Structures are given as structure tokens and as C-alpha cells.
Amino acid sequence: MIWYTALVLAVAGERLAELFVALRNTRWALARGGVETGRAHYPAMVALHTALLLGCLTEVRLTDPPFVPLFGWAMVAVVVAAQGLRWWCIRTLGHRWNTRVIVVPGLPLVTGGPYGLLRHPNYVAVAAEGLALPLVHGAWLTAALFTVLNGALMTVRVRCEEAALTATTAADVPA
């Protein structure tokens, strides 16, 4: 359990690093006329991601499932790959990456890096991590709950982002 706790805490540390990047990028975007949308769903997203980390540790502590090496290590690989994809997204978007939905008018849509392959690659990373992190040590309930709730939240989030990007792009096109 100690190594699993360390893994979950490492992911929590990574999430804190993301928040520092997002705060810096928020200041950058707002200074350039960025417009934030989707504030209403943001607290639910923060709560869900916090609950994922707490759920992983709580479920494993309460149920004490056995670590299944082949499956567990495969899930560790998925967690690591998800982190790699997430940071590829962050690097590709640069100052435009954020945990909030903030669009700076006049900037073109990013289509390079992972965005050349998928429309919302960061959410693929979130979904993979949210499923794999609990399953590293057999926290099936946490994995299932996060996956269902994250699916519902991502439906709201992607619609919000698409609307914000469409509105900004439409405003930039001359009539």
C-alpha cells in the first residue's frame, strides 16, 4: 500500500503542477482579452478529480484488494502514458492550455501535436488516468464511479469548449 500511496501522491503532485501552469496561463489569456466560459461546471470538475485521488486511497485501504502484478503494472503503464499525453497537450497549447475554458479571440485553432490526431486529447488522458489509476491496485468501484461521472462531466465540458471556440472563431471571421 505504501508504494500505491506514493503513486497517488505523485499524481496529486502532478495535478498541483498543472494548477500552477493553469494559473499562469489564465493571467496570460485574460491580459490578452481572453473570455472565460463554463464557470458553473468547474467546481464539479475539481471535486471529481479530488474524489478520484481520495477514492483510490480509501477504497484500497478499506477493501485491501490484492495487487495483481501483470494487470497492476499494465495500469501503471497507462497512468504514465496518460501523463505523457497530458503534458504533450500542455506543451502543444503553450499559454493557451488551461484547466478552465478561456479562449483568446483572434488566435487560430491549434491543430498540431496531439490536436492533429484528436479534437480533445487532454480528455483522453483524463479518462485513461481516471480508469487506470484506481485499477493499479484493484479499486474497481472508484474506477467505475469516476468513469461514469467523468463521462457526464466531459459531455458538459466538451460542449462548453466547442461553443466557446465556435463563438470566438465566428466573431473573428469577417461578415
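Please read these numbers as outputs of a predicted model, since none were measured by experiment.

A. Focus on the pattern of salt bridges. The final tally for this structure, using the stated rule, is 10 salt bridges. The structure contains a network of salt bridges with shared partners spanning Glu14, Arg15, Glu18, Arg86 and Glu129.

B. Structural view of helix H3 (residues 69-93). Between its first and last C-alpha, H3 extends 36 Å over 25 residues, near the 36 Å set by a 1.5 Å rise per residue. The set of residues buried in H3 consists of Gly72, Met75, Val76, Val79, Ala82, Gln83, Leu85, Arg86, Cys89, Ile90 and Leu93. The inward-facing, buried residues of H3 contact helix H1 (2-31) and helix H4 (121-135).

C. Quick peek at a nonpolar patch on the surface. Together, Trp88, Leu117, Leu118 and Val124 make up an exposed nonpolar region whose accessible area comes to about 390 Å². On the basis of relative accessibility, which here comes to 41%, the residue valine 124 falls in the partly exposed class.

D. Molecular detail of the packing of aromatic side chains. Counting across every chain of the model gives five aromatic pairs. Note on tryptophan 3 and tyrosine 4: the rings are 6.0 Å apart at their centroids and 75° apart in plane angle, and the pair reads as edge-to-face. On the basis of relative accessible area, tryptophan 3 is assigned to the partly exposed category, the value being 33%. Ring geometry for phenylalanine 71 versus tryptophan 140: centroids 5.7 Å apart, planes at 10°, classification stacked. Of the two residues, phenylalanine 71 sits in helix H3 while tryptophan 140 sits in helix H5 (residues 140-172), which places them 69 residues apart along the sequence. Relative accessible area serves as the criterion here: at 53%, tryptophan 140 is assigned to the exposed category. One aromatic cluster in this structure is built from Trp3, Tyr4, Phe67 and Trp73. Residue placement shows arginine 100 over the ring face of tyrosine 42; its charged tip is 4.0 Å from the ring centre.

What counts, and where the lines are drawn
The residue numbering used here restarts from 1 in each chain and proceeds along that chain's sequence as written. Confidence filtering applies because this is a predicted model: local features only for residues at pLDDT of at least 70, side-chain atom pairs given and counted only at 80 or more, and all residues used for totals across whole chains, interfaces and linings. The basis for the side-chain values is all heavy atoms of the structure; hydrogens and waters are excluded. A pairing counts as a salt bridge when a side-chain nitrogen of Lys or Arg comes within 4 Å of a carboxyl oxygen of Asp or Glu. Comment: elements are numbered from the N terminus, with helices defined as DSSP H or I runs of at least four residues and strands as E runs of at least two. To estimate the expected span of a helix, count its residues, drop one, and scale the result by 1.5 Å. Only protein chains enter the accessibility calculation, which uses a 1.4 Å probe; a residue whose area is less than 20% of its type maximum is buried, one above 50% is exposed, and one in between is partly exposed. Whether two residues are in contact is decided by their heavy atoms, any of which lying within 4.5 Å being enough. A residue counts toward a patch only above 30% relative accessible area and without a salt bridge, and it is joined to like-charged neighbours within 9 Å or, for Val, Leu, Ile, Met, Phe, Trp and Tyr, to nonpolar neighbours within 5 Å. To measure how exposed things are, a 1.4 Å probe is used in the Shrake-Rupley method; for residues, cover is taken only from the protein chains shown. Centres within 6.5 Å make a pair out of two Phe, Tyr or Trp rings, where for Trp the six-membered ring is used; the pair is then stacked when the planes are under 30 degrees apart, edge-to-face when over 60, and tilted otherwise. We call a charge positioned over a ring when the NZ of a Lys or the CZ of an Arg lies within 6 Å of the ring centre and within 35 degrees of the ring normal.

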